[in-house]
Amino acid sequence: MKSLIRSFIFNIFSLQLAVNLIPGVSYEEGLKTLVLAAIALTFFNLLIKPIINLLLLPINLLTLGMFRWVVNVVILYLLTIVVPNLEIAGFQFAGFSYGNFFLPMAFINSFWNTVLVSFFLSFVLGFLYWIK
């Protein structure tokens, strides 16, 4: 029970951080949607993610674990389906330059934004579980 509550709190924190830091990620109806999304993400991570990992095990073995990010993207996509007020949309990247390093302006569509949010959530949740 303690691990479920910890997972729930970590998911709320990571989702709120993603909404604040990544453009295109938003939710409506305030805290109610955030709590519902965290409950659903906790459920998906504990019950559905192991099943998907088991189904995709041969591909994951062939790619030496490089296919695992697809599982996280699928879980996040399922989350946006189950929680209708949570939206991951595309956004216009304004570009970036620092010295001789330059990234041009580009439009990031909703699929690549979902991949970005998936990597971000994996990083934040991994860090939180590491420091617990």
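It should be noted that the structure appears before, not after, this text.
Residues numbered from 1 in each chain as written. Predicted model: local features only at pLDDT ≥ 70, side-chain atom pairs only at ≥ 80, totals over all residues. Heavy atoms only, no water.

## Some remarks on the nonpolar core
Then, number 1: In this structure, Leu15, Ala37, Leu76, Leu79, Val83, Val117 and Leu121 are the most contacted members of the largest nonpolar core, which totals 25 residues.
Then, number 2: Of all the secondary-structure elements, those providing two or more residues to this core are helix H1 (2–21), helix H2 (31–55), helix H4 (68–82), strand S2 (86–88) and helix H5 (110–131).
Then, number 3: Broken down by element, the residue count for this core peaks at seven residues, all from H2. (Core = buried A, V, L, I, M, F, W, Y, C linked by side-chain atoms within 4.5 Å. Buried < 20%, exposed > 50% of the residue type's maximum accessible area, 1.4 Å probe, protein only. Helix = DSSP H or I, 4+ residues; strand = E, 2+ residues; numbered from the N terminus.)

## A look at the packing of aromatic side chains
Then, number 1: On inspection of all chains with the given rule, the structure shows six aromatic pairs.
Then, number 2: Taking 4.9 Å as the distance between ring centres and 75° as the angle between the ring planes, the aromatic pair formed by Phe111 and Trp112 counts as edge-to-face.
Then, number 3: On the basis of relative accessibility, which here comes to 43%, the residue Phe111 falls in the partly exposed class.
Then, number 4: On the basis of an interplanar angle of 40° and a centroid distance of 5.9 Å, the ring pair of Phe127 and Trp130 is categorised as tilted. Of this pair, Phe127 and Trp130 both sit in helix H5, three residues apart, roughly one helical turn.
Then, number 5: Assessed through its relative accessible area of 42%, Phe127 is described here as partly exposed.
Then, number 6: For Trp130, a relative accessible area of 66% corresponds to the exposed category. (Phe/Tyr/Trp six-rings, centres within 6.5 Å; stacked < 30°, edge-to-face > 60°.)

## Observations concerning the packing of H2 against H4
Then, number 1: Packing of H2 against H4 leaves a shortest axis separation of 10 Å and a crossing angle of 140°. When the axis of H2 is compared with that of H4, the two are oblique. Between H2 and H4 the crossing geometry is right-handed. Contacts from Ala37, Ala40, Leu41, Phe44, Asn45, Ile48, Lys49, Ile52 and Asn53 of H2 reach H4 at Arg68, Val71, Asn72, Val74, Ile75, Leu78, Leu79 and Val82.
Then, number 2: Counted by class, the contact of H2 with H4 contains 12 nonpolar, three polar and two charged residues. (Axes fitted to C-alpha atoms, helices over the stretch in contact; angles between N-to-C directions. Parallel < 35°, antiparallel > 145°, perpendicular 65-115°, else oblique. Left-handed = near helix turned anticlockwise from the far one by under 90°. Contact = heavy atoms within 4.5 Å. Nonpolar A, V, L, I, M, F, W, Y, C, P; charged D, E, K, R; others polar.)

## Focus on the pattern of salt bridges
Then, number 1: Counted by the stated rule, this structure contains one salt bridge.
Then, number 2: For Lys32, the salt bridge identified is with Glu29, shortest N-O distance 3.7 Å. For the residue pair Lys32 and Glu29, the accessibility class agrees, reading exposed in each case. (Salt bridge = Lys/Arg side-chain N within 4 Å of Asp/Glu carboxyl O.)

## Re the packing of H1 against H2
Then, number 1: Where H1 meets H2, the axes come as close as 8 Å, and the angle between the chain directions of the two elements is 125°. Relative to H2, the element H1 is oriented oblique. Crossing handedness for the pair H1 and H2: right-handed. Of H2, the residues touching H1 (which contributes Leu4, Ser7, Phe8, Asn11, Ile12, Leu15 and Gln16) are Leu34, Val35, Ala37, Ala38, Ile39, Leu41, Thr42, Asn45 and Leu46.

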